[in-house]
Amino acid sequence: MEKKLEEMNERELLRELVARHDRQKLVGWIAAAAVSVLAVVLLISAVILVPRFVATLEQANVTLAQANTTLAETETLVRQGQEELTAVDALVKQAGESLEGVDAMVENIDKLLLENTESLHNTVEKLNAIDFGKLAKAIDELNKVISPLSKLFSRG
C-alpha cells in the first residue's frame, strides 16, 4: 500500500518525485510520437491526394473540352442543316413551278443528303466517343477529393 505524502521521509519523497517525473516524461514522449505519426500521416495523405486531385481536374478539363468541341461542331452542323433545308425548300418550290430542272434537282438533293449523312454520322460518332461515365466518375472523384479538403480548411 502506498504511503501518503505527509508520512514519507525526504528520501521516499525524492523517489516518488523521480518516479512521477519519469511517468510524465514517458507520457510526453508518447504524445510527441503520436503527434509525429499524425503529422507524417497528414503529409503522406497530402502527397497522395494532391496529385490525384490534379489528375482528376485535368481529366475533367479534357472531357469538358471534348464535349465543348463536339457541341460546337453540332451547332455548326445544325446551322448548315438549316441552310441546306432552306436550299431544299427552294429547290422543291422550283421543281413545282417547272419540271425542266428535275434531273438537276435530284442530283443536288442526292448530294446534299450524302453530305448531311456523312456529317451527321461523324457528329454521332463524336458524341458516342464522349465517355460520359468517365466524366461522371471524374466529377465524383473531384467531389470526394474536395470534400475532405473543404472540411479541413473550414476548421482552420
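Position numbers for residues count from 1 along each chain, tracking the sequence in the order it is written. Only residues with pLDDT of at least 70 are given local features in this predicted model, and only at 80 or more are side-chain atom pairs given and counted; all residues enter the totals for whole chains, interfaces and linings. Heavy atoms throughout the structure, all of them, feed into the side-chain values; hydrogens and water do not.

Visitor: Let's hear about the pattern of salt bridges: which residues, and what values?
Guide: Each reported salt bridge corresponds to a side-chain nitrogen of Lys or Arg within 4 Å of a carboxyl oxygen of Asp or Glu. Taken as a whole and assessed by the stated rule, the structure comprises 3 salt bridges. The partner of Glu16 in a salt bridge is Arg23, with the nearest N and O atoms 3.8 Å apart. The closest approach of N and O atoms between Glu141 and Lys137, which form a salt bridge, is 3.9 Å. Residue Glu141 and its partner Lys137 are located together in helix α3 (residues 132–155), separated by 4 residues, close to a single helical turn. Throughout this description, buried means an accessible area under 20% of the type-specific maximum (1.4 Å probe, protein chains only), exposed means over 50%, and partly exposed covers the range between. You can call Lys137 exposed: its relative accessible area is 51%. Members of the salt-bridge network, linked through shared partners, are Glu16, Arg20 and Arg23. Put simply, DSSP H or I for four residues or longer makes a helix, DSSP E for two residues or longer makes a strand, and each gets a number counted from the N terminus.

Visitor: Which residues make up the confidence of the model for the chain, and what values do they have?
Guide: Averaged over all residues, the pLDDT of the chain equals 85, while 95% of them reach at least 70. Confidence of the prediction at every residue is given by pLDDT, a number between 0 and 100. For the chain, the element scoring lowest by mean pLDDT is helix α2 (residues 102–129), at 76; helix α1 (residues 10–97) scores highest, at 91.

Visitor: Explain the environment of Arg155 residue by residue, including any values.
Guide: Of note, Arg155 is situated in helix α3. With 73 residues separating them along the chain, Arg155 and Gln82 place their C-alpha atoms 56 Å apart.

Visitor: Please provide a residue-by-residue account of the side chain of Thr70, values included.
Guide: Along the chain, Thr70 falls in helix α1. Between two residues, a contact is recorded if the distance between any of their heavy atoms is within 4.5 Å. Setting aside residues no more than four positions away along its own chain, Thr70 makes contact with Lys126, Leu127 and Ile130.

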